[in-house]
Amino acid sequence: MKKKSSLKSTIAVSLTNYLDAGAIVAGASGLTLWKDYLGLTEGHLGWLNAISANCLGAAIGAIIGGFLADKYGRKAIYTYNMLVYMAGVLCILLATSFVQLLLGFLITGISVGVGVPASWTYISESSEVKNRGRNIGISQMAWGIGPTVILILGTLLAPPTSGAGSEGWLFPLVQTVAAVFGVTEGGALNVFSSRIVFVSLFVVALIAWLLQRQLDESKEWEKLKLEMKNEKYDDFNDGNRISHFSFFISKFAKTLLFLAGMYLTWNLVASVMGFFQQHIYETAGGLSNAAANLLSVGQWLGIIATTFVFSMIVDKVNQRWLYFVGVSFAVLAWAMVLTVGITSMAGLLLFTLLWALQAGISVQSFYALWASELFPARYRAAAQGIMFFIVRGLSAAWGLGFVYIYGEQGEGFTRAAWVMLALLVISLVIGTVGAPNTRGKSLEQITRERYGS
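Please read all numbers here as calculations on a predicted model, not as lab measurements. (Residues numbered from 1 in each chain as written. Predicted model: local features only at pLDDT ≥ 70, side-chain atom pairs only at ≥ 80, totals over all residues. Heavy atoms only, no water.)

### Describing a nonpolar patch on the surface
Consideration 1: Among the surface-exposed residues, Leu56, Ile60, Ile64, Leu68, Tyr72, Phe389, Ile390 and Leu394 lie close enough to one another that they form a single nonpolar patch of about 650 Å² accessible area.
Consideration 2: Among the secondary structure elements, those contributing two or more residues to the nonpolar patch are α4 (56-72) and α17 (380-406).
Consideration 3: The dominant element in the nonpolar patch, judged by the number of residues it contributes, is α4, at five residues.
Consideration 4: Since its relative accessible area comes to 43%, Leu394 is described here as partly exposed. (Patch = residues over 30% accessible without salt bridge, like charges linked within 9 Å, V, L, I, M, F, W, Y side chains within 5 Å. Areas by Shrake-Rupley, 256 points an atom, 1.4 Å probe, with all protein chains shown as cover. Salt bridge = Lys/Arg side-chain N within 4 Å of Asp/Glu carboxyl O. Helix = DSSP H or I, 4+ residues; strand = E, 2+ residues; numbered from the N terminus. Buried < 20%, exposed > 50% of the residue type's maximum accessible area, 1.4 Å probe, protein only.)

This is how it looks when you write it as structure tokens:
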């Protein structure tokens, strides 16, 4: 009975991952359409990436959500957060200027960030010892399913790029919807393809809100709350925040550096791929919008399959070597870019395959698992929020720099690829060397072994 319960709650909470990745890819799949409609430059695109669910928006939300989840409980986040997400999506749907679009990306990103520490923490705390990795893997499958659905929609709704017949099968629906608003041609018509994609996210967010509001509070957090009440002590209202912060940093510095180091270096690459992949395929790879989305659909189907394999074996094999294998695929993918290139279909397909393999056994999966294991319950969500803030915040800065390295039409892609390769090698080394031995242990046992009683 408990196993069924943990799986059910995992699926409900995993919708947060669906909406996280879905928001990133929904923006990415329509990036060229918004660029044409609003007359944006590569610099504008860099700002959209920087404040979105991909970077700064999520960073701000994570540090807020982490502390709120530790102070008020995991369920408190699920009661209200999806309402913020829906507000952000609605802002994007109605956007007719860059400022409105930017605001929508920011609000959506903040909501995504608020939900991430709570979701990984809740899944870990509600899982059985032998199923913790499996449940985290299932949540990561939702992270793959979201982009797949969004990209399929983007492909079906895609406007023509090279004359009649090059549009998606459902583009007539786009024309019908746009005509209701008095729009019949040009960039204003084409961008309705992206608007409809965001409508699908609004619907899923509403479903997620209805399901997550029914979740029970984490038993471990309830136990912690009772202990803190008996101690007459509240970490976040003890009157000495500087002392508390110093304790936090000194006690968990090693764990923070390990997790942030392995995740940051990987996420700097993954954030670019998440937001700019279709744009790169269209500029450096020379594909149409529909073809770029279709190729990415194939990649995400591969990611879902690989993540399923990860979820089935992560609780049964040596996690250090599984991590090594996963990140090795990422290193090979970018090494291939620097040798074969992506200007040919063969190069594009090989790169897409390798990236799909690494993303299923990815740093994100291990980070979600280890970050929820390596901190005591009292600080678990807040610690993840701090790291997520650092990682996504620096990813925002990198996204702004990437567009200038990359160039308007991808003329600097080779230079960017060298940077990507170096970052992935660093992530490979840090994660492989520092991988913790937590498999098969309870969260309480892990806490005692690392920090004592």
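That shown, we press on.
### So, the nonpolar core
Consideration 1: Counting residues in each nonpolar core, the largest one holds 134 residues, and the members touching the most others are Leu259, Trp334 and Trp370.
Consideration 2: Of the residues forming this core, the biggest block, 17 residues, is contributed by helix α12 (residues 241-283).
Consideration 3: Every residue in contact with Leu259, bar those within four places of it in the chain, is listed here: Tyr367, Trp370, Ala371, Leu374, Phe375 and Met387. (Core = buried A, V, L, I, M, F, W, Y, C linked by side-chain atoms within 4.5 Å. Contact = heavy atoms within 4.5 Å.)

### Some details on the pattern of salt bridges
Between side chains of opposite charge, a pair can form when the charged atoms approach closely.
Consideration 1: If you walk through the whole model with that rule in mind, you get six salt bridges.
Consideration 2: Residue Arg380 is joined to Glu125 by a salt bridge in which the shortest nitrogen-to-oxygen separation is 2.8 Å. Of this pair, Arg380 sits in helix α17 while Glu125 sits in helix α6 (residues 98-126), and the two are 255 residues apart along the sequence.
Consideration 3: Among the ionic pairs, Lys441 bridges to Glu449, the shortest N-O distance being 3.0 Å.
Consideration 4: The class of Lys441 is buried, set by a relative accessible area of 15%.
Consideration 5: Overall, Glu449 belongs to the partly exposed group, its relative accessible area being 49%.
Consideration 6: Residues joined in a network through salt bridges with shared partners are Asp70, Arg74, Glu125, Glu220 and Arg380.

### Focus: the packing of aromatic side chains
Consideration 1: In this structure the tally under the stated criterion is 22 aromatic pairs.
Consideration 2: Relative to Trp355, the ring of Trp334 has its centre 6.4 Å away and its plane inclined at 90 degrees; by these criteria the two rings are edge-to-face. Taken together, the residues Trp334 in helix α14 (residues 319-339) and Trp355 in helix α15 (residues 345-360) connect sequence positions 21 residues apart. The burial state of Trp334 is the same as that of Trp355; both residues are buried.
Consideration 3: Following the ring pairs from residue to residue traces out a cluster consisting of Trp120, Tyr263, Trp266, Tyr367 and Phe388.
Consideration 4: Just above the ring of Tyr72 sits the side chain of Lys71; from NZ or CZ to the centre is 5.5 Å.
Consideration 5: The ring of Trp209 has Arg213 lying over it, and the distance from NZ or CZ to the ring centre is 4.7 Å. (Phe/Tyr/Trp six-rings, centres within 6.5 Å; stacked < 30°, edge-to-face > 60°. Lys NZ or Arg CZ within 6 Å of the ring centre and 35° of its normal.)

### A look at the packing of α14 against α15
Consideration 1: At a minimum axis distance of 7 Å, the contact between α14 and α15 shows a crossing angle of 160 degrees. By the angle between their directions, the pair α14 and α15 is classed as roughly antiparallel. Every pair of crossing elements has a handedness; the one defined by α14 and α15 is left-handed. For the pair formed by α14 and α15, the contact residues are Gly326, Phe329, Ala330, Leu332, Ala333, Trp334, Met336 and Val337 on the first element and Gly347, Leu350, Phe351, Leu354, Trp355, Leu357 and Gln358 on the second.
Consideration 2: For the contact of α14 with α15, the per-class residue count stands at 12 nonpolar, three polar and no charged. (Axes fitted to C-alpha atoms, helices over the stretch in contact; angles between N-to-C directions. Parallel < 35°, antiparallel > 145°, perpendicular 65-115°, else oblique. Left-handed = near helix turned anticlockwise from the far one by under 90°. Nonpolar A, V, L, I, M, F, W, Y, C, P; charged D, E, K, R; others polar.)

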